[in-house]
Amino acid sequence: PSDQDSIDVRAKQLLSTDSADILRYLHRRTAEPEDAADLLGEAMMIVWRKRSSIPADGTEARMWFFGVARRTLSNHHRSTARREALSDSLKEHMTVTRQQKPKAHTTTLRAFRSEN
């Protein structure tokens with residue numbers, strides 16, 4: 001078998017052997033089970049794309065996979081925090097806009113009435 005074949009075999013073995021443990025790791029650290037499953041899928045894609053970097057030693061490969069999962073989880077938490085901050089900012093903006101709208105409407109009505 002070629003070097004690429006052995007790399008592919010090692011990646012498939014790592015993914016099949018350790019994915020359940022990675023899913024449990026992610027599940028304990030996310031609010032929604034669906035997020036954990038999505039993160040596992042993302043981590044698995046990263047492992048496959050970077051399969052030539054998988055350490056030859058089984059224990060080191062497992063720790064490498066956990067590192068990929070940890071970084072994927074960190075990115076998820078940062079994205080969630082940014083999304084929540086943006087949502088809060090938008091809610092605040094909408095509240096201010098709703099409070100100001102009647103004033104603008106009243107001013108427009110006064111101007112219209114004064115012209116008639």
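What you are looking at is a predicted structure, and each value in this text was computed from that prediction instead of being measured.

Whenever I open this one, the packing of helix H1 (residues 3–28) against helix H2 (residues 33–49) confuses me. Can you help?
Helix packing for two helices is described by the angle between their axes and how far apart those axes are. It is the contact of H1 with H2, at a shortest axis distance of 10 Å, that shows an interaxial angle of 155°. Of the possible angle classes, the one that applies to H1 and H2 is roughly antiparallel. Along this stretch, H1 crosses H2, giving a crossing that reads as right-handed. Within the contact between the two elements, H1 uses Asp8, Ala11, Lys12, Leu14, Leu15, Ser19, Ile22, Leu23, Leu26 and His27 and H2 uses Pro33, Ala36, Ala37, Leu39, Leu40, Met44, Val47 and Trp48. Residues of the contact of H1 with H2, tallied by class, amount to 14 nonpolar, two polar and two charged.

It is not clear to me how the confidence of the model for the protein chain should be interpreted in this structure. Could you clarify?
Detail in the predicted coordinates should be disregarded across regions flagged by low pLDDT. Averaged over all residues, the pLDDT of the protein chain is 88; the fraction at 70 or higher stands at 82%. Confidence, read as mean pLDDT per element, is least for helix H3 (residues 58–115) in the protein chain (81) and greatest for H2 (97).

I'm lost on the packing of aromatic side chains in this one. Help?
Tallying each qualifying case throughout the model produces one aromatic pair. With a centroid separation of 5.4 Å and 85° between ring planes, the pair formed by Tyr25 and Phe66 is classed as edge-to-face. With Tyr25 in helix H1 and Phe66 in helix H3, the pair connects residues that are 41 residues apart, well separated along the chain. We classify Phe66 as buried; its relative accessible area is 17%.

Reading guide: rules and limits
Residues numbered from 1 in each chain as written. Predicted model: local features only at pLDDT ≥ 70, side-chain atom pairs only at ≥ 80, totals over all residues. Heavy atoms only, no water. Axes fitted to C-alpha atoms, helices over the stretch in contact; angles between N-to-C directions. Helix = DSSP H or I, 4+ residues; strand = E, 2+ residues; numbered from the N terminus. Parallel < 35°, antiparallel > 145°, perpendicular 65-115°, else oblique. Left-handed = near helix turned anticlockwise from the far one by under 90°. Contact = heavy atoms within 4.5 Å. Nonpolar A, V, L, I, M, F, W, Y, C, P; charged D, E, K, R; others polar. pLDDT = per-residue confidence, 0-100. Phe/Tyr/Trp six-rings, centres within 6.5 Å; stacked < 30°, edge-to-face > 60°. Buried < 20%, exposed > 50% of the residue type's maximum accessible area, 1.4 Å probe, protein only.

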